[in-house]
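What follows is the residue order along each chain.
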Amino acid sequence: MASTYTGLGIQLMTTGEKAGTWGTLTNTNWNIIEQISGGFTQQAVTDGADTTLSVNDGTTGATLAHRVIEFTGSLSASRNVTIPLDVQTFYIVKNSCDDSVVFKYVSGSGNSVTFAAGATKIVSATANHGTNPDLDEVAVGDVTLTGTQTLTNKTLTSPKIGTSILDTGGNELALLTATGSAINEITLANAATGNGPIISTTGDDAAVDLNLNPKGAGVLKSGTAAVKVAGKETMWVPATAMYASTTNGAEATQTELTAGNPELKTFDFDTSTAESVQFNVSFPKSWDEGVVTFQTFWSASATDTGTGGFTLAGCSVASDVDYDLAFGTPVANTALAASGTQDDLMVNVVSGDVTIASAAADTNTIFRLVRDTGTDTNTGDLRLVGIKIYFTTNAANDA
């Protein structure tokens, strides 16, 4: 009986055959086995046609009988590299072509493995079917695979992470979103003894904000306490900090209700004359120099249920500027119906926007508050307790 050959070309001699040549043939077989177990070769991939890897029966040098194969060549499109249906082994393959290569059996509908340009993979030629064998990628813990992998003491250089990072329980720990053409980013830095780690914004822009956005009504906290952030602020101005206008000024009064109980220190505004008071403030440097809104706090001097309301106007005076300026346009708040009980506290809803004339940082801002007798309907004096001013900051502090 004549010799036969394995799918990778090793000669299988029968008993009594090849007299006097067994040594030479056996040495050749060992050389083939050596290249199968650890040999490296390069295979040029032809542009425009499949590349067929054939077996060399009884001789060394067949590409498909090497453990490590590097595909080379300049390609204009993806090309196939095929092996015979009976090849059973595994390969370490690197694609050094400039386009993808599909490694597959020569025919049949079994699995194949696609190599992107520059990719290296381990593949198993299974020969698991006579006409449709599978050539499969071997999972080796590569982080590009979909299986769960554990990496210990591995260095990742510029890894691309998907949309989330999960904790050890498989729950979402951090979500990531991509911004097209992004140029700014976050930089994390650890620190030596005595110093705190740093979260900073970096990027191509000269000035880059750091935005921390709580969800819904949530607040930004440091430990258990909320962190003060730029945004809407309030300023309380009591009647005791005001002064009556020289022309048609309201009357400063102090009213005792029940001995030993709180007394009202107010300005009383007449029912028929549009009386007014003034007060001045200095907004913090972090003020955005924009519009303000206000709420008035007052009580009725009688049991009348008519409405009460006020208007507010303001102007800012800078250093080296004459105080003799005109106020901005007065803005009225929505008149509020009194409860009908004398000395009940009444609080108007927040007004619309009040534009301050010459608004600027580092100025003294004077306000003029006037009872809106042309609109409100209360027939008694309104006792002003104070006013709350709402303004907006756009800086973290006044540095």
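Residues numbered from 1 in each chain as written. Predicted model: local features only at pLDDT ≥ 70, side-chain atom pairs only at ≥ 80, totals over all residues. Heavy atoms only, no water.

(A) Representation of the overall build of the chain. Regarding its fold elements, the chain presents 1 helix and 30 strands. The dimensions of the chain, computed from C-alpha atoms along their principal axes, are 135 × 50 × 50 Å. A total of 399 residues make up the chain; the buried ones form 33% of that total. Taking contacts inside the chain between residues at least 6 apart in sequence as the whole, the part at least 24 apart equals 64%. If the 18 positive side-chain charges of the chain are averaged to one point and the 40 negative ones to another, these points end up 8 Å apart. (Helix = DSSP H or I, 4+ residues; strand = E, 2+ residues; numbered from the N terminus. Buried < 20%, exposed > 50% of the residue type's maximum accessible area, 1.4 Å probe, protein only. Contact = heavy atoms within 4.5 Å. Lys, Arg positive; Asp, Glu negative; His and termini not counted. Charge placed at Lys NZ, Arg CZ, Asp CG, Glu CD.)

(B) Highlighting the packing of aromatic side chains. In the structure shown here, the tally under the stated rule is 9 aromatic pairs. For the ring pair Phe-71 and Phe-115, a centre distance of 6.4 Å and an interplane angle of 85° mean the geometry is edge-to-face. Of the two residues, Phe-71 sits in strand E5 (residues 68-72) while Phe-115 sits in strand E9 (residues 113-115), which places them 44 residues apart along the sequence. Accessibility assignment for this pair places Phe-71 and Phe-115 in one class, buried. Put simply, the rings of Phe-279, Phe-283, Trp-287, Phe-367 and Phe-391 pair up and form one aromatic cluster. (Phe/Tyr/Trp six-rings, centres within 6.5 Å; stacked < 30°, edge-to-face > 60°.)

(C) The arrangement of the sheet that holds strand E22 (residues 276-281) in detail. Ordered by their spatial adjacency, 5 strands build an open sheet running E19-E22-E29-E25-E26, and the pairing between neighbours is antiparallel. Lying at the two open borders of the sheet, with one neighbouring strand each, are strand E19 (243-244) and strand E26 (331-332). Pairing analysis gives 8 bridges linking strand E25 (residues 310-317) to strand E29 (residues 364-371), with the strands arranged antiparallel. Counted as the bridge partner of Gly-314 is Phe-367 from E29. (Pairing = 2+ DSSP bridges.)

(D) A look at the side chain of Thr-126. Mapped onto the elements of the fold, Thr-126 is located in the loop between strand E10 (120-125) and strand E11 (135-137). Of note is the side chain of Thr-126, whose polar atom sits 3.0 Å from the side chain of Asn-128. Apart from the residues lying within four places of it in its own chain, the contact partners of Thr-126 are Gln-88, Tyr-105, Pro-133, Asp-134 and Asp-136. (Polar contact = N/O pair within 3.5 Å; in protein donor to acceptor, adjacent residues only side chain to side chain.)

(E) Examining unusual backbone geometry more closely. Unusually for a residue other than glycine, Ser-158 sits at a positive phi of about 50°. Classification of Ser-158 by relative accessible area gives exposed; the value is 66%. In the Ramachandran plot, Asn-248 falls in the positive-phi region, its phi being about 55° despite a non-glycine side chain. Residue position: Asn-248 is located in the loop between E19 and strand E20 (251-255). Since its relative accessible area comes to 43%, Asn-248 is described here as partly exposed.

(F) View of the pairing of strand E18 (residues 232-238). Residue alternation in E18 divides its side chains into a buried set, Glu-233, Met-235 and Val-237, and an unburied set, Lys-232, Thr-234, Trp-236 and Pro-238. For E18 and strand E30 (residues 382-392), the ladder comprises 7 bridges, and the chain directions are antiparallel. Note on E30: the bridge partner recorded for Met-235 is Ile-389.

(G) Geometry of the sheet that holds E5. Pairing in this open sheet of 5 strands is mixed, and the strands run E3-E5-E7-E10-E11 from one edge to the other. The strands lining the two open edges of the sheet, one partner per strand, are strand E3 (40-44) and E11. Averaged over all pairs of adjacent strands, the angle between strand axes in this sheet comes to 30°, irrespective of strand direction. Judged from the 3 bridges that link them, E10 and E11 form a sheet pairing that is antiparallel. Bridging across to E11, Val-123 finds its partner in Glu-137. (Axes fitted to C-alpha atoms, helices over the stretch in contact; angles between N-to-C directions.)

(H) Spotlight on the pattern of salt bridges. Considering all chains together, one arrives at 6 salt bridges under this definition. Of the charged contacts in the structure, one is a salt bridge between Lys-121 and Glu-137, with a shortest N-O distance of 3.6 Å. Note that Lys-121 is positioned in strand E10 and Glu-137 in strand E11, a separation of 16 residues in sequence. Residue class for Glu-137 comes out partly exposed when judged on its relative accessible area of 37%. Here the salt bridges share partners, and the residues they tie into one network are Asp-268, Asp-343 and Arg-383. (Salt bridge = Lys/Arg side-chain N within 4 Å of Asp/Glu carboxyl O.)

(I) A look at the environment of Thr-63. Position of Thr-63 among the secondary structure elements: in the loop between strand E4 (51-52) and E5. Taking C-alpha positions, Thr-63 is 82 Å from Asp-362, a pair spaced 299 residues apart along the chain. Excluding residues within four positions of it along the chain, Thr-63 makes contact with Thr-41, Gln-43, Leu-53 and Ile-69.

(J) The arrangement of a negative patch on the surface in detail. A cluster of acidic residues, Asp-288, Glu-289, Asp-362 and Asp-398, forms a negative patch on the protein surface. With respect to the element layout, Asp-362 can be found in the loop between strand E28 (345-347) and E29. For Asp-362, a relative accessible area of 60% puts it in the exposed group. (Patch = residues over 30% accessible without salt bridge, like charges linked within 9 Å, V, L, I, M, F, W, Y side chains within 5 Å. Areas by Shrake-Rupley, 256 points an atom, 1.4 Å probe, with all protein chains shown as cover.)

(K) Spotlight on a nonpolar patch on the surface. Taken together, the side chains of Ile-186, Leu-188, Ile-199, Leu-210 and Leu-212 make up a nonpolar region of the molecular surface, amounting to roughly 530 Å² of accessible area. Tracing the chain through its elements places Ile-186 in strand E14 (residues 184-189). Ile-186 gets classed as exposed once you look at its relative accessible area, which sits at 54%.

(L) Fine view of helix H1 (residues 22-38). Helix length check: H1 (17 residues) gives 24 Å between terminal C-alpha atoms against 24 Å at 1.5 Å per residue, within 8%. Where H1 is buried, its residues contact strand E2 (11-12) and strand E7 (89-95). (Expected span 1.5 Å × (residues − 1).)

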